[in-house]
Amino acid sequence: MRLTIASLCCLLCCSSCHVGRFFIYNFADIKDYKKFPAHTVARNGAAFRFISSANIRNDSAIIRLPREVTVKDKQYTFEQYLERTKTVAFLVIRNDSLYYEKYFDHYDQSSIVPSFSAAKSFVSALVGIAIGEGYIKSVDQPITDYFPALDKEKFGKITIEHLLDMQSGLAFNESYFNPFGDVAKYYYGTNLKKYVSRLKVKEAPGQHFEYTSLNTQLLGMIVSQATGKTLAAYLQEKIWQPLHMESDASWSIDSKKGQTEKAFCCLNAIARDYAKFGRLYLNGGRWDGRQVVPAEWVKRSVTFDRPKNNGIYSYQWWHNRGPDGQTPDFMAVGLLGQYIYVHPQSGIIIVRLGKQEGKHTDWKRMFLAIAEVQDQSLSASNKQH
């Protein structure tokens, strides 16, 4: 027993040990952006702002949100439901109009919230931009071109596209509750490059969909190597400043010594700026006349030109899969219920940020229901006119 206690104390005192940091910080929370060193992603110039709901006069286009939500035979108003599920921000946007914007628990429009895995969709965009600019040859390029220390016989068949679609076949434990697991090591560890040098193959690539953060971490490191810039700097240059974001963001890194962004999570920003990223993809990668992300890349990311991943995941974006097998929407999704949701047909963008996912929630289906009600309402209105 003495040895166990001594060992635990040693872990708790070892701030550079990922296991010790796991016990010190405990489970991830939305204050984590304050715990880790980070690279700044700076805004620049006049900010783009959505039209305030106070200035919207077209009553026929008002967004229809649920009046009540029933949970275990109990009814709550929509805002009570948001509070109950530990939501801190909820935004609904259509045609650049911010119809609904509510913050809870002392959060407001200037509050920074970590994206967690919603950052993966940003990494995908940067991969597409890097390919468009010629830094990366194509999605068919093997990862060994960027990680030459990896054995070509074992890893040479794994391509960038395998990483994008979560079909790499690499061994990785995605358990968020295991202090000795891979996610804890990558999230709390201080040397991501060292961890990547120790990769193992579990199965041949392209066989199965298996969501692991390792795939996105490799993508981020590939972008950084290919462009010669940090991931944060490339994001700042290619997305953050062209979209005229309202606030500076940050991207957490492994350590001041390592200087490697945790690409699989850890982009930290305000709700309105996350919504602008949704607007970018809603408009096919264009922003006020400028093609920021290649149009073909956006199309390949958010639609399916061939069956894969059961129609729910493509190029680091999630989808609802309809009864007809089609995917009517796409979304960036992060731990604790961080969402950037886009429904192209209705033009709806929804951002939900929270301290937790919330019990008895299905945000993906709720977002779809909100978008479809609006779409049906507009169709009926158009027929009347």
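Shown above is the structure to which this text applies.
What this report covers is the structure whose coordinates are included nearby. (Residues numbered from 1 in each chain as written. Predicted model: local features only at pLDDT ≥ 70, side-chain atom pairs only at ≥ 80, totals over all residues. Heavy atoms only, no water.)

Focus: the overall build of the chain
Argument step 1. A tally of helices and strands in the chain yields 13 helices and 16 strands.
Argument step 2. Taken over 385 residues, the chain has a buried fraction of 54%. (Helix = DSSP H or I, 4+ residues; strand = E, 2+ residues; numbered from the N terminus. Buried < 20%, exposed > 50% of the residue type's maximum accessible area, 1.4 Å probe, protein only.)

Digging into the packing of helix 4 (residues 119–132) against helix 10 (residues 231–240)
Argument step 1. Contact pair helix 4 / helix 10: the axes reach a minimum separation of 10 Å and the direction vectors enclose 75°. With respect to each other, helix 4 and helix 10 are oriented roughly perpendicular. In this structure, helix 4 uses Phe-122, Val-123, Ala-125, Leu-126, Ile-129 and Ala-130 to contact helix 10, whose residues at the interface are Leu-231, Tyr-234, Leu-235, Lys-238, Ile-239 and Trp-240.
Argument step 2. Of the residues in the contact of helix 4 with helix 10, the class split is eleven nonpolar, no polar and one charged. (Axes fitted to C-alpha atoms, helices over the stretch in contact; angles between N-to-C directions. Parallel < 35°, antiparallel > 145°, perpendicular 65-115°, else oblique. Contact = heavy atoms within 4.5 Å. Nonpolar A, V, L, I, M, F, W, Y, C, P; charged D, E, K, R; others polar.)

Here's the deal with the packing of aromatic side chains
Argument step 1. For the structure shown, the criterion picks out 31 aromatic pairs.
Argument step 2. On the numbers, 6.1 Å between centres and 55° between planes, the contact of Phe-36 with Tyr-188 is tilted. Of this pair, Phe-36 sits in the loop between helix 2 (18–25) and strand 1 (38–41) while Tyr-188 sits in helix 7 (residues 182–188); the two residues are 152 residues apart in sequence, bridging distant segments of the chain.
Argument step 3. By relative accessible area, Phe-36 is classed as buried at 6%.
Argument step 4. An aromatic cluster is present here, built from Phe-78, Tyr-81, Phe-90, Tyr-100, Tyr-339, Tyr-341, Trp-363 and Phe-367 joined pairwise through their rings.
Argument step 5. Above the face of the Trp-287 ring, Arg-279 is positioned so that its terminal group lies 4.2 Å from the ring centre.
Argument step 6. Above the ring of Trp-318, the side-chain terminus of Lys-364 is found at 4.5 Å from the ring centroid. (Phe/Tyr/Trp six-rings, centres within 6.5 Å; stacked < 30°, edge-to-face > 60°. Lys NZ or Arg CZ within 6 Å of the ring centre and 35° of its normal.)

Concerning the nonpolar core
Argument step 1. Among the nonpolar cores identified, the biggest contains 90 residues, and Trp-251 and Tyr-281 are the most heavily contacted of them.
Argument step 2. Ranked by residue count, the leading element in this core is helix 4, at eight residues.
Argument step 3. If you look at the next biggest cluster of nonpolar residues, it comprises 28 residues, including Tyr-81, Tyr-211, Trp-318 and Trp-363. (Core = buried A, V, L, I, M, F, W, Y, C linked by side-chain atoms within 4.5 Å.)

Quick word on the packing of helix 4 against helix 9 (residues 213–227)
Argument step 1. Where helix 4 meets helix 9, the axes come as close as 10 Å, and the angle between the chain directions of the two elements is 35°. Our pair here, helix 4 against helix 9, has a crossing hand that is left-handed. Residues Lys-120, Val-123, Leu-126, Val-127 and Ala-130 of helix 4 form the contact with helix 9, whose participating residues are Ser-213, Thr-216, Leu-219, Gly-220, Val-223 and Thr-227.
Argument step 2. When the residues that make up the contact of helix 4 with helix 9 are grouped by side-chain class, the tally is six nonpolar, four polar and one charged. (Left-handed = near helix turned anticlockwise from the far one by under 90°.)

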